Protein chains: 2
Amino acid sequence: MPIGPLPPRDMDPLGWGEPSRRTPLPPHAKRWLHREIGLPDRRPVPADPPPAPNPPASRIPAEARAALAEHAEVSEDPVTLLRHAGGKSYLDLTRRRRGESDLPDAVVIPPDHVAVLAILGVCADHDIAVVPFGGGTSVVGGVAPLRGPHAAVIALDLRRIADLTHVDPESLTITAGAGMRGPELERALAPYGLTLGHYPQSWEYATLGGYAATRSAGQASTGYGRFDDMVVSVQLATPKGTLVAGRAPASSTGPDLRGLILGSEGVFGVITELTLRVRPIPEATYDEGWSFRTFEAGLTALRRLVQAGLAPDITRLSDPDETRATLALSGNGKTRILRGLLSARGRSGGCLLILGWEGERTMVRDRRAAATAILRAADGARLGSAVGEAWRRGRFETAYLRDELLDAGAMVETLETATAWADVPGLYDAVRTALLTDLRTGDARPLLMGHVSHIYPTGASLYFTAVASRDTGDPLGQWIRAKSRATEVIAAARAVISHHHAVGTDHLPWITEEIGPLGVRILRAIKNELDPDGILNPGKLIPAEEKPGHSE
Amino acid sequence: MPIGPLPPRDMDPLGWGEPSRRTPLPPHAKRWLHREIGLPDRRPVPADPPPAPNPPASRIPAEARAALAEHAEVSEDPVTLLRHAGGKSYLDLTRRRRGESDLPDAVVIPPDHVAVLAILGVCADHDIAVVPFGGGTSVVGGVAPLRGPHAAVIALDLRRIADLTHVDPESLTITAGAGMRGPELERALAPYGLTLGHYPQSWEYATLGGYAATRSAGQASTGYGRFDDMVVSVQLATPKGTLVAGRAPASSTGPDLRGLILGSEGVFGVITELTLRVRPIPEATYDEGWSFRTFEAGLTALRRLVQAGLAPDITRLSDPDETRATLALSGNGKTRILRGLLSARGRSGGCLLILGWEGERTMVRDRRAAATAILRAADGARLGSAVGEAWRRGRFETAYLRDELLDAGAMVETLETATAWADVPGLYDAVRTALLTDLRTGDARPLLMGHVSHIYPTGASLYFTAVASRDTGDPLGQWIRAKSRATEVIAAARAVISHHHAVGTDHLPWITEEIGPLGVRILRAIKNELDPDGILNPGKLIPAEEKPGHSE
């Protein structure tokens, strides 16, 4: 994929990325949202700009500050602090738009792994909590600047540990600093003819370390694997020293300790370097759109594909409401083309399926041919490649749509899970019911869009985007209540609490439901071994002990 | 694959499987081994039968024995004890043939998971070590009945926890007891049209729990994945209760705790149940042989295949010495056919490559076509399908060859590792040199056969089989010294200490080289949390603490 100019490191603290890339909602889209969910159909008077951040005097003692500054750049500039005041969830953005965000006491930017070790030592000595900070794109509170029981908190920004340090073109592995972002890595790999192929929605901003810490999945993960699958080895800086886990290509020398670092969300240490599997830039790429009359028919088709070993590299099946919203919210031209394609095939609405194929040219052709037979047998109607290509072109722009919706007075947030194929339809219905019930405000119904974007031989992810008229009196509680209800439904169904967003603060109340009390005790035992002072990312991932000094 | 009669549960304690399945070495093979490594060319007078096991009075107090018997079948029968006196390494067999094996104090056979929990409680109360025992096929000392610091030791045999308890044909997952063996599972799945597709050399005897505890890889793992990749969830009975890790199909709810149980070799708990990904029995299977002039040319071909996404499901590339030995040791007819095929292609010796393809018929055809082009471009000569089919037919019989060689006065043992593609040739040379130097006795050279049987995009496994004239004065030391030297070479090269044999007792001195001191401390912290009395499989996987009461 050609890499354009790199986006700036810092995002708009009140929204996604660069405000200049936002595209205003077209008038027909606003009218549709007015009818659909009762949003005001004219742009509301913009809210007052949020109060300028006015951080309280830093809680970091002068001696500690001086010690930190020996090893790293230390900033207490209010704008820098605001940019590190949490992630990009609806709750985060709403709090920042209302000037209600907590700020870290300082932002610390180390140059290398050794400096990270030193900083952890300083922070342990001075009772300062440390929040590892990559792209700041968490949507579950993973980078909230919580002090926990500590005297102060810093955001430890990895942006300077961001070099491609080794390329092994024979073994197809590379080594890079954890602060490197997706486009930076792809740009550095392009001269070698290589690609990582990991494209989460946050790709333009998220870092390799963040992918690892949260067990990221990307748009092409059906073909390229989840980020976990790409990690050959990973280096962790902890208060007790350095841990390097993993050697190419596979081992049975005890449990796989990579698996403890992946998904550790900064509570065991700071991921500073990764060795990753890369691939040749694909010789051929082919995107296409298909239409199914029902979500169930589309699910059946995807299941048959992946279980036959014919999964595409990219898969995205929209449910009827997401398909309807795509038609309604796209630019007029795009919508007209898509409606035309559907109607030429005797369809309207239904469920849109985007597939992407990548790889060696003849194998892309052969896989597509075998897959096409399965898709047609499942009553799929092919819409052609233009629909798929349009999706690929616009795939990193949709993040900006949220900011437009927030400005227009909406509550907008996402929720995701995954379960076994046999349980997907039931879970889909149950989560929809929970969200639709809870997000209704007065007469206004919410818009709830669902899709499947990651398929596996044993099951699939489910991703929901909820858009509702914002409850101006309680915009945070409106989502928190709905999300809680939906997560209880997910836990009761024994589906996963998160498929690729991780735990952070927001899923903390439910992790025990998924991994059990003994699982939590294992995480705590590892934490106590590596971070006995508990300075690393307090309040995330590991629930507080119910009884202090637990014992049998 | 059609499943014949199930092999008996218990193996010959002095060799592999059932002695009746052994085929004597043909005279031409004996003559060849005489010339090659100086083995006596007539069958030596059989050694005296080993002294009948005469176990000392059990160290288990009557009260504990009664408590165990409340939950499980308890046996102190000498033959039963001997069958649980370790695994199947050269060291194990040699010790047992010499009557030098330690025996467990009892063999305990629980009926279910709840009984396992109860037994762990009894053993913790009475200071009895517990060695979880599946098929008993460990070749690294993983099931040696070590007491460690405890008063007694039991082998906990999982053979009665061996049912297929659930089949989900839609999600393609099954749930089974950990004591189930490979053929038992394949036979239970066949009526559903399903297969696990995991075929380690030990397949006829090894259990699902053993695969999990050791991170097994099978002959078809290039296509079907390592056993790790098949585990949807796993249940562990620990002294602190039950841990169930994993939910279909993928999660980002914290670190993947499955990865702690896989490869835990019984030191954290007893694996009692697994939910596994299964597949439809492949529509088509195609095996074939190829020949390469050099090992390097074969390696290049395999690397190009797997990096192009065209890896076969089964791959086995023999080096020149393994190819030569295959020609020399096979039956005369087979050897003549293979020599004829080679000579018709203007080749002799070189390196034999076996490939197996499985799956949907047209995809097997298309993948093979694309792969054939790559193999030919790498100077491969195709030998046809008969060579591949012969390998598949005989693949579980080769384990018996070792017993014949032992009887003929040989030392015979294997060693395996894996590394990145760029490092495979150098590691191959270094390990060969170490083993050839150390196994030379007087004028007699060893025979050292090498092959690659598992390929990954980033690297490959290396597997060596050493056959030497046995040092009758020090048959154990002869191998221990050679293996140590080779393992030091492997550690220095930063290759993996074990690719699929696990750690056990034999690799314990080197695990710290691979996972680092902090890695060992993490394993110890988990162990202390789950098994604070240290009763589970002492002396395996986790090195003893160097300084008691370690602290910073």
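The model shown is predicted, which means the values in this text are computed figures rather than measured ones.

## Thoughts on the side chain of B:His499
Phase 1: By the secondary structure assignment, B:His499 is in the loop between helix H18 (475-492) and helix H19 (511-530).
Phase 2: For B:His499, the side chain forms a polar contact with the side chain of B:His500, separated by 2.8 Å.
Phase 3: With residues near it in sequence (within four places) discarded, B:His499 still touches A:Ala250, A:Ser251, A:Ser252, B:Arg215, B:Ala217, B:Arg226, B:Glu416, B:Thr417, B:Ala418, B:His454, B:Tyr456 and B:Ser461.

## Remarks on helix H13 (residues 332-344) of chain B
Think of an α-helix as turning once every 3.6 residues; residues three or four places apart then point the same way.
Residue and element names in this part refer to chain B.
Phase 1: Over its 13 residues, H13 runs 18 Å from end to end, which matches the ideal 18 Å to within 8%, given 1.5 Å per residue.
Phase 2: The inward-facing, buried residues of H13 abut strand S12 (284-292), helix H12 (320-329), strand S14 (351-359), strand S15 (381-384) and helix H15 (385-394).
Phase 3: Once H13 finishes, Gly346 follows within two positions and takes phi at roughly 70°, a positive value.

## Notes on the nonpolar core
Phase 1: By size, the foremost hydrophobic cluster in this structure holds 141 residues, and its most contacted members are A:Leu435, A:Trp479, B:Leu435 and B:Trp479.
Phase 2: Every residue in contact with B:Trp479, bar those within four places of it in the chain, is listed here: B:Tyr90, B:Leu91, B:Met411, B:Glu413, B:Thr414, B:Leu415, B:Leu435, B:Leu439 and B:Ala466.
Phase 3: Counting 120 residues, the second largest nonpolar core, distinct from the first, contains A:Leu274, B:Tyr224, B:Phe396 and B:Leu518.

## Some remarks on the sheet that holds strand S8 (residues 231-238) of chain A
Phase 1: Taken together, 5 strands build an open sheet; the order of strands is S5-S6-S10-S8-S9 (chain A) and the sheet is antiparallel. Strand pairing shows two members of the sheet lacking a second neighbour, strand S5 (164-168) and strand S9 (241-245) of chain A, which therefore form its edges. Direction aside, neighbouring strands of the sheet carry axes that sit 10° apart on average.
Phase 2: Note: strand S6 (residues 173-177) of chain A against strand S10 (residues 270-277) of chain A, 5 bridges, orientation antiparallel. Bridge pairing in S10(A) places A:Ala176 opposite A:Leu274.
Phase 3: On the sheet, helix H5 (residues 113-126) of chain A packs against S8, S9 and S10 of chain A and is oriented at approximately 40° with respect to S8(A).
Phase 4: Contacts from H19(B) reach S8 and S9 of chain A, with the element oriented near 90° to S9(A).

## Brief notes about unusual backbone geometry
Keep in mind that most residues, glycine aside, have a negative phi and that most peptide bonds are trans.
Residue and element names in this part refer to chain A.
Phase 1: Geometrically, the link from Ala248 to Pro249 is a cis peptide bond, its omega value of -5° lying close to zero.
Phase 2: Relative to the helices and strands, Pro249 is located in the loop between S9 and helix H10 (258-261).
Phase 3: Positive phi values are uncommon outside glycine, yet Ala502 reaches one of about 80°.
Phase 4: Counting through the fold element by element, Ala502 comes out in the loop between helix H18 (475-492) and helix H19 (511-530).

## As for the packing of aromatic side chains
Phase 1: Tallying each qualifying case throughout the model produces 12 aromatic pairs over all chains.
Phase 2: Their ring planes at 20° and their centres at 5.9 Å tell us that A:Tyr428 and A:Phe464 sit as a pair that is stacked. With A:Tyr428 in helix H17 (residues 424-439) and A:Phe464 in strand S18 (residues 459-469), the pair connects residues that are 36 residues apart, well separated along the chain.
Phase 3: Classification of A:Phe464 by relative accessible area gives buried; the value is 2%.
Phase 4: For the ring pair B:Tyr211 and B:Phe227, a centre distance of 5.1 Å and an interplane angle of 65° mean the geometry is edge-to-face.

## What about the pattern of salt bridges?
A side chain of one charge can pair with a side chain of the opposite charge when the charged atoms of the two come close.
Phase 1: In total, this model carries 73 salt bridges over all chains according to the counting rule given.
Phase 2: Residue A:Arg258 is joined to A:Asp256 by a salt bridge in which the shortest nitrogen-to-oxygen separation is 2.8 Å. Per residue, the accessibility class of A:Arg258 equals that of A:Asp256, and both read buried.
Phase 3: For the salt bridge of B:Arg21 with B:Glu397, the shortest nitrogen-to-oxygen distance reads 2.9 Å.

## A short note on the relation of the copies chain B and chain A
Phase 1: It takes a turn of 180° to lay chain B on chain A, together with a shift of 0.0 Å along the axis; the resulting RMSD is 0.0 Å. Both copies are brought into coincidence by an operation consistent with a two-fold rotation axis.

## Notes on the packing of helix H4 (residues 90-97) of chain B against helix H16 (residues 398-407) of chain B
When two helices pack together, you describe them by how their axes are tilted relative to each other and by the distance separating the axes.
Residue and element names in this part refer to chain B.
Phase 1: Interhelical geometry of H4 versus H16 gives an angle of 50° and a closest axis separation of 12 Å. Judged by the inter-axis angle, H4 sits oblique to H16. Crossing handedness for the pair H4 and H16: right-handed. Between H4 and H16, the contacting residues are Tyr90, Leu93 and Arg97 on the first element and Arg402, Asp403, Leu406 and Asp407 on the second.

## Description of the interface of chain B and chain A
Phase 1: Listed per partner, the contact involves 79 residues of chain B and 79 residues of chain A.
Phase 2: A per-residue breakdown of the area chain B buries against chain A is headed by B:Arg247, B:Ser252 and B:Thr253, which together make up 12% of the total.
Phase 3: Our count for the chain B to chain A interface comes out at 6 salt bridges.
Phase 4: Our enumeration of links across chain B and chain A arrives at 34 residue pairs in polar contact (both at pLDDT 80 or more).
Phase 5: For the side of chain B that touches chain A, the secondary structure elements donating two or more residues are strand S8 (231-238), strand S9 (241-245), helix H10 (258-261), helix H11 (295-307), helix H14 (361-377), strand S16 (410-420), strand S18 (459-469) and H19 of chain B.
Phase 6: Looking at the side of chain B that touches chain A element by element, the count peaks at 13 residues for H19(B).
Phase 7: Tallied by class, the residues present in the side of chain B that touches chain A amount to 38 nonpolar, 23 polar and 18 charged.

## Section: the pairing of strand S6 (residues 173-177) of chain B
All names here are of chain B.
Phase 1: Where burial is concerned, most of S6 is hidden: 5 out of the 5 residues are buried.
Phase 2: With burial as the criterion, each face of S6 is covered, one bearing Thr173, Thr175 and Gly177 and the other bearing Ile174 and Ala176.
Phase 3: As defined by bridge partners, strand S5 (residues 164-168) adjoins S6 across 4 bridges and the pair is classed as antiparallel. Of the residues in S6, the one forming a bridge with Asp168 is Thr173.

Reading the values: the criteria
- Residues numbered from 1 in each chain as written.
- Chains lettered and ligands numbered in written order.
- Predicted model: local features only at pLDDT ≥ 70, side-chain atom pairs only at ≥ 80, totals over all residues.
- Heavy atoms only, no water.
- Helix = DSSP H or I, 4+ residues; strand = E, 2+ residues; numbered from the N terminus.
- Polar contact = N/O pair within 3.5 Å; in protein donor to acceptor, adjacent residues only side chain to side chain.
- Contact = heavy atoms within 4.5 Å.
- Expected span 1.5 Å × (residues − 1).
- Core = buried A, V, L, I, M, F, W, Y, C linked by side-chain atoms within 4.5 Å.
- Buried < 20%, exposed > 50% of the residue type's maximum accessible area, 1.4 Å probe, protein only.
- Pairing = 2+ DSSP bridges.
- Axes fitted to C-alpha atoms, helices over the stretch in contact; angles between N-to-C directions.
- Phe/Tyr/Trp six-rings, centres within 6.5 Å; stacked < 30°, edge-to-face > 60°.
- Salt bridge = Lys/Arg side-chain N within 4 Å of Asp/Glu carboxyl O.
- Least-squares fit on C-alpha atoms with pLDDT ≥ 70 in both.
- Parallel < 35°, antiparallel > 145°, perpendicular 65-115°, else oblique.
- Left-handed = near helix turned anticlockwise from the far one by under 90°.
- Buried area = accessible area lost by both parts, 1.4 Å probe.
- Nonpolar A, V, L, I, M, F, W, Y, C, P; charged D, E, K, R; others polar.

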